[in-house]
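# Survey of secondary and tertiary structure
If you want the building blocks of each chain, they are given just below.
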Amino acid sequence: MHVGIIMDGNGRWAQQRGLIRTQGHLEGLKAAKRIVKAASDMGLQYLTLYAFSTENWKRAAEETGFIMGLVKQYLRGEMNFYRQNHIRIRHAGDAAGLPPDIAAEIATAAADTKEFSGMQVILALNYGGRDELVRAVRRLAGQGHDMAAVAEEDIAACMDNPDVPDPDLIVRSAGEYRMSNFLLWEGAYAELYVSAKFWPDWTGEDLAGAIDAYRNRSRRFGGIAANGG
Ligand code: IPE
Ligand code: IPE
Ligand code: MG
């Protein structure tokens, strides 16, 4: 199973407590660590965490810089945990648009964990669904592909992590009912789950609740359910 999470509400969590937004991101990082651990313990195979969108650069440099610093700290600090739990780290998004030290940090974490066969954690950083599609099309064209004959499989094969199955469930914290440019191609038939809880308050129980809700859904993929409903 592949779960994607839009980790939203760090700013509101901080605001509610009279704290600055960066405090919210710091607590959000702690929540991300809790959720990765809970997901790994549950035996989840793929977890994509939306950490920073291609549109998040619209924010103040202090905030974007702080988030990038947290990502670096996270990747470095958790290496032992990944090793112990056989967690493989991957990146989705435009690495060329990241600060070079952050891009290098992710590349190192991905290389150091690429043989691990436990859960795969895909960090969506400087990620946009539209941007991923544009980069996929450019890759295809660069390969000399006959663009007039392009098929879904060709595009799918040029996405950032083509071997990762499509997300089954996309979860969003902090109550907003929108995709915000997350996994637009891959999420075509993902089940959606929105929780009002701000991301820094998330625990493994919230993730388990989302997965429970998913198990009660009837996925039809455009067809008709086995029971005819
Ligand atoms: C999610 O929290 C983290 C990122 C988008 C990087 P926000 O920072 O968007 O928090 P809100 O939506 O302002 O509460
Ligand atoms: C989506 O949250 C992006 C991430 C969680 C990284 P945003 O806070 O950027 O989304 P909008 O602006 O509310 O749509
Ligand atoms: Mg937000």
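Look a little higher up for the structure.
Presented here is an overview of the structure given in this document. The structure presented is a predicted model; accordingly, all values stated were derived computationally and were not measured. (Residues numbered from 1 in each chain as written. Chains lettered and ligands numbered in written order. Predicted model: local features only at pLDDT ≥ 70, side-chain atom pairs only at ≥ 80, totals over all residues. Heavy atoms only, no water.)

### Observations regarding the site of ligand 2
Condition: Each residue is tested against the molecule or strand, and it is near if at least one of its non-hydrogen atoms lies within 4 Å. Nitrogen and oxygen atoms within 3.5 Å of one another constitute a polar contact, given that in protein one can donate a hydrogen and the other can accept it, and given that sequence-neighbouring residues count only through two side-chain atoms. Each residue is assigned to one class: nonpolar for Ala, Val, Leu, Ile, Met, Phe, Trp, Tyr, Cys and Pro, charged for Asp, Glu, Lys and Arg, and polar for all the others, Gly among them.
Close to ligand 2 lie Ile6, Met7, Asp8, Tyr50, Ala51, Phe52, Asn56, Arg59, Arg172, Arg178 and Ser180. In the model, an oxygen atom of ligand 2 is placed 3.4 Å from a nitrogen or oxygen of the arginine 172 side chain. The side chain of arginine 178 places a nitrogen or oxygen atom 2.8 Å from an oxygen atom of ligand 2. Across the shell around ligand 2, the residue classes break down as five nonpolar, two polar and four charged.

### Regarding the packing of helix 2 (residues 21–42) against helix 3 (residues 61–77)
Put simply, the rule reads: For helices, the axis comes from a line fit to the C-alpha atoms of the stretch in contact; other axes are also lines fit to C-alpha atoms, and the angle between any two N-to-C directions lies between 0 and 180 degrees. Secondary structure follows DSSP: runs of H or I at least 4 residues long count as helices, runs of E at least 2 residues long count as strands, and numbering of each begins at the N terminus. Roughly parallel refers to an angle under 35 degrees, roughly antiparallel to one over 145, roughly perpendicular to one between 65 and 115, and oblique to any angle outside these ranges. Each crossing gets its handedness from the near helix: less than a right angle anticlockwise from the far helix is left-handed, clockwise is right-handed. We call two residues contacting when some pair of their heavy atoms lies within 4.5 Å.
In the contact formed by helix 2 and helix 3, the axes pass within 10 Å of each other and the chain directions differ by 30°. When the axis of helix 2 is compared with that of helix 3, the two are roughly parallel. Handedness of the helix 2/helix 3 crossing: right-handed. Residue-level contacts link Arg21, Thr22, His25, Leu26, Leu29, Lys33 and Val36 of helix 2 to Glu63, Phe66, Ile67, Leu70, Gln73 and Tyr74 of helix 3.

### Observations concerning the packing of aromatic side chains
The cut-off we apply is this: For Phe, Tyr and Trp, rings pair up if their centres lie within 6.5 Å, where Trp contributes its six-membered ring, and each pair is then called stacked (planes under 30 degrees apart), edge-to-face (over 60) or tilted (otherwise). Exposure classes here rest on a 1.4 Å probe applied to the protein chains alone. A residue is buried below 20% of its type maximum, exposed above 50%, and partly exposed in between.
Throughout the structure, instances matching the rule amount to eight aromatic pairs. Seen from their ring centres, tyrosine 127 and phenylalanine 182 are 6.4 Å apart, and the 80° between their planes marks the pair as edge-to-face. Of the two residues, tyrosine 127 sits in strand 4 (residues 120–127) while phenylalanine 182 sits in the loop between strand 5 (169–172) and strand 6 (191–194), which places them 55 residues apart along the sequence. Summarising the burial analysis for this pair, tyrosine 127 and phenylalanine 182 share the class buried. An aromatic cluster of at least three residues, connected via ring pairs, comprises Tyr50, Tyr127 and Phe182.

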